[in-house]
Amino acid sequence: MLKKIFSSGLVMLWIAVLVMLLDRYSKTWVMHHLNFHEPFPIFSFFNLTLAYNTGAAFSFLDGASGWQNWVFGSLALMVSAIVIVSLARLSSRDYWMSVAFCLILGGALGNMWDRITYGYVIDLLSFHWHDWYFAIFNVADSAICVGAFMVFCQWVRKER
């Protein structure tokens, strides 16, 4: 069993754990130190802002009646299972895809934890330019996006 872990992409699972820990720590910190939707300025273009999201990325379906929480939680569980199987099939030398999959896994599990524990995802990172604000998101969302971009880059590279 250990030989399989160290010879496959599973050896990079520590990245998923790190993403989950950073995500959990950041969310716990904002829940204990910030008031709901009250911006805490860090830079002229960036605030920490406690927000709750029952929808998907960028508040997609946030206003739905609650069914979306179960759908997105189930989707995160399915994606996590697929990612773990994919990691087990990858060589330990395939660093790029192993890291990408672990970023996606850590982010999916981080947001799934929120959905199960709170019934919504805690968001906190708020970028803006003057009066224009981008959707508030979190560390898990960031990891999923970076991991998906890495998978896309690998796909484009292989297509060439």
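Above this note sits the structure.
Residues numbered from 1 in each chain as written. Predicted model: local features only at pLDDT ≥ 70, side-chain atom pairs only at ≥ 80, totals over all residues. Heavy atoms only, no water.

(A) Summary view of the overall build of the protein chain. Of regular secondary structure, the protein chain possesses 5 helices and 4 strands. Ordered by position from N to C terminus, the α and β elements of the protein chain give α-α-β-β-α-α-β-β-α. For the protein chain, whose C-alpha radius of gyration is 17 Å, the value lies close to the compact-globule estimate of 15 Å for 160 residues. Across its three principal directions, the C-alpha atoms of the protein chain cover 50 × 30 × 30 Å. Across the 160 residues in the protein chain, those meeting the buried criterion constitute 41%. (Helix = DSSP H or I, 4+ residues; strand = E, 2+ residues; numbered from the N terminus. Rg over C-alpha atoms; globule rule 2.2 N^0.38 Å. Buried < 20%, exposed > 50% of the residue type's maximum accessible area, 1.4 Å probe, protein only.)

(B) Representation of a nonpolar patch on the surface within the structure. A surface patch of nonpolar side chains, amounting to about 870 Å² of accessible area, comprises Phe40, Ile42, Phe43, Phe45, Phe127, Trp129, Trp132 and Phe134. Elements represented by at least two residues in the nonpolar patch include exactly β1 (40-43) and β3 (121-129). A per-element tally of the nonpolar patch places β1 first, with 3 residues. We classify Phe40 as partly exposed; its relative accessible area is 39%. (Patch = residues over 30% accessible without salt bridge, like charges linked within 9 Å, V, L, I, M, F, W, Y side chains within 5 Å. Areas by Shrake-Rupley, 256 points an atom, 1.4 Å probe, with all protein chains shown as cover. Salt bridge = Lys/Arg side-chain N within 4 Å of Asp/Glu carboxyl O.)

(C) Quick look at the pattern of salt bridges. By the definition in use, this model includes 3 salt bridges. Among the ionic pairs, Arg24 bridges to Asp114, the shortest N-O distance being 2.7 Å. Of this pair, Arg24 sits in helix α2 (residues 13-33) while Asp114 is found in helix α4 (residues 95-118), placing the two residues 90 residues apart along the sequence. Under the relative-accessibility criterion, Arg24 is labelled buried at 18%.

(D) Expanded view of the packing of aromatic side chains. Scanning the model with the defined rule gives 10 aromatic pairs in all. Here the aromatic rings of Phe43 and Phe45 are separated by 5.5 Å at their centres, their planes lie at 10°, and the arrangement is stacked. The partly exposed category is assigned to Phe45, whose relative accessible area is 36%. Relative to Phe137, the ring of Phe134 has its centre 6.1 Å away and its plane inclined at 85°; by these criteria the two rings are edge-to-face. Take Phe137: its relative accessible area is 14%, and that puts it in the buried class. (Phe/Tyr/Trp six-rings, centres within 6.5 Å; stacked < 30°, edge-to-face > 60°.)

(E) Structural view of the side chain of Ser26. Looking at the element boundaries, Ser26 is found in helix α2. Excluding residues that lie within four positions of it along the chain, Ser26 makes contacts with Leu124 and Val139. (Contact = heavy atoms within 4.5 Å.)

(F) Geometry of the layout of surface pockets. As a volume, the second largest pocket reaches approximately 160 Å³. If you go around the second largest pocket, the residues you meet are Asn69, Trp70, Gly73, Ser74, Leu77, Met112, Arg115 and Ile116. Ranked by the residues each element gives to the lining of the second largest pocket, the list is headed by helix α3 (residues 67-89), at 5 residues. (1 Å grid on protein atoms, 1.4 Å probe; cavity = no way out; pocket = protein on both sides within 12 Å on 5 of 7 lines; lining within 4 Å. Points joined across faces, edges and corners; volume = space filled by probe spheres on them.)

Any functional reading would require information beyond the geometric quantities listed.
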